[in-house]
Every structure is written in C-alpha cells, then in structure tokens.
Amino acid sequence: MTLDELKKYLTMVPTGIEQPALGGIASVAMEAAYASVWGANAWKVRRAEKTNLATVANQTYTSIPSDFETAIGLKVIDGTASRSIDIVDENSFDYDMPNPSAWTAAKPRMAKIVFADFGMADQWRVYWYPVPEKVYTVNLVYTRKADMAKFPNLPSYMQDAVISKASSLMMKGEDRTVAEGLANVTLNRASMSDGA
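Bear in mind that the values here come from a model prediction, so they are computed numbers and not experimental data. (Residues numbered from 1 in each chain as written. Predicted model: local features only at pLDDT ≥ 70, side-chain atom pairs only at ≥ 80, totals over all residues. Heavy atoms only, no water.)

Remarks on the sheet that holds strand 5 (residues 86–87)
Applied cut-off: When DSSP finds at least two bridges between two strands, those strands are taken to pair. Per the convention used, a helix needs a DSSP run of H or I reaching at least four residues, while a strand needs a run of E reaching at least two, with both numbered from the N terminus.
Within the open sheet, the 4 strands sit side by side as 2-7-6-5. Their pairing is mixed. Of all strands in the sheet, those bounded by a partner on one side alone are strand 2 (61–64) and strand 5. Inspection of the sheet shows strand 6 (residues 110–115) paired to strand 7 (residues 124–129) by 6 bridges, in the antiparallel sense. Bridge pairing in strand 7 places Lys112 opposite Tyr127.

Observations regarding the sheet that holds strand 1 (residues 47–54)
Across a sheet, strands are paired by hydrogen bonds formed along the backbone, either parallel or antiparallel in direction. The condition is simple: For helices, the fitted axis covers only the stretch in contact; all axes are lines through C-alpha atoms, and the angles between them, taken along N-to-C directions, range from 0 to 180 degrees.
Ordered in space as 1-8-3-4, the 4 strands form an open sheet in which the pairing is antiparallel. Two strands in the sheet have a free side with no partner beyond their single neighbour: strand 1 and strand 4 (81–84). Averaged over all adjacent pairs, the angle separating strand axes in this sheet is 25°, with direction ignored. Alignment of strand 3 (residues 68–78) against strand 8 (residues 137–144), held across 8 bridges, turns out to be antiparallel. Its bridge partner being in strand 8, Ile77 is matched across the sheet by Thr137.

Quick notes on the side chain of Thr186
Selection rule: Only heavy atoms enter the contact rule, under which two residues are in contact if any of them lie within 4.5 Å.
The residue Thr186 is located in helix 5 (residues 173–195) in this model. For Thr186, the residues in contact, after removing those within four places along its chain, are Asp160, Ala161 and Ser164.

What about the environment of Leu154?
Our working definition: To sort residues, take the accessible area from a 1.4 Å probe on protein chains only and compare it with the maximum for the residue type: under 20% means buried, over 50% means exposed, and anything in between is partly exposed.
In this fold, Leu154 is placed in the loop between strand 8 and helix 4 (156–169). Residue class for Leu154 comes out buried when judged on its relative accessible area of 8%. Along the sequence, Leu154 and Val45 sit 109 residues apart, while their C-alpha atoms lie 7.6 Å from each other.

Observations concerning the nonpolar core
Stated precisely, the cut-off is as follows: The definition of a nonpolar core used throughout is a set of buried Ala, Val, Leu, Ile, Met, Phe, Trp, Tyr and Cys residues joined through side-chain atoms within 4.5 Å.
If you look at the biggest cluster of nonpolar residues, it comprises 23 residues, and the most contacted ones within it are Leu6, Leu10, Tyr34, Val37, Phe151 and Met170. At the level of secondary structure, the elements contributing two or more residues to this core comprise helix 1 (3–12), helix 2 (23–38), helix 4 and helix 5. If you tally residues by element for this core, the top one is helix 2, at 7 residues. For Leu10, the contacting residues outside a window of four places in its chain are Ala26, Met30, Ala166, Ser167 and Met170. Ranked by size, the runner-up nonpolar core spans 16 residues in total, among them Ile64, Ile113, Trp128 and Tyr136.

Written out as structure tokens, the structure reads:
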C-alpha cells in the first residue's frame, strides 16, 4: 500500500464514502499512527549499521547519519583490530574528561553522542576521547528514527498496525474506543510476528 492509497482509505473511514476534505486530518493521523507504531517495539527494521564512517586525525568529532535515533554499539577499527567504545552521557563526558586543550591524540576509548543544530546536515556527532591521532574506521550500530516515507517498505504486519492505528484516530466516540482496542490487538500481533 502506498501513502496516497492509505490517505484515500482514511478519508473513507468515518463514513464509508471518500471525503477529500478530510485529507489534512488523514495526513496527521498517518504521521501520528506511524510514530506510535514505530516507537512501540524494537522492530527489526529500526536497526541499522553504518560501517563506512571514519574518524579524522586530530578532529574531536565524527558526523553520524541523520536518521540516527539511539546508539546500540560503537566500534573503532584499526586494520584487523577493533575496540568497542564506551558511550557515556554528555554530562559525564564533559565533567570527567580533561579540558580539550589537554587531550592527547590516541586511539579513542570513550565517546559522547550529541545532537545540535550546526547549521549543516550533520546534526548528530560522536565526540571522542582521546581525540583520534589518525584515521580509524568507525562501525556504528543504531536504531533509526521514524520516517513515514518508508511505509511502503515495511513488513506487512507493521503496515497493518499503522493502518489500524490511523483508522482508530479517524473515528469518534464509541467507534473510536472499539477501533483503538482493535489497533492494540493488531500491534501485539505485529510485535509477535517481528520476534518470530
């Protein structure tokens, strides 16, 4: 099912007849339903791995993908040797690590991951300690953030959960209560299918 087909379907949910005037409401319901389903489980499609990142010699940070949501694991690779990096929270990193001017260049062993608007596309960055003294390959395993454009590529059980949740958001009163119950059943079934 495409996003346009889903939107058309949702405009028919309240009355059974397509109502193009509900297109804006249907769009909001689609986004809300997608985000709700995406965040409800550690779906297999949320997991991503980026193996072509690299440090820059004597640079404190490395930019990471814009679809990053949370880190699962981070490794620095030097030839055939690899080192798992401890990811610490920003406050601990900033408080416990020496002043940047005192940092020595070496193979990193700790990092913090931060989000900030740098005025560029690289809004997510990994900051290293110690600062890398040379180029290392970086392997980042992470969960992706929700992206409604990926809806047509989701497994069918996740699509069903999104459709069911979006449909429930288009209902009113008792019909909505019943539809929300069905949406929860569909979500539970999808969670079990994803773990199978």
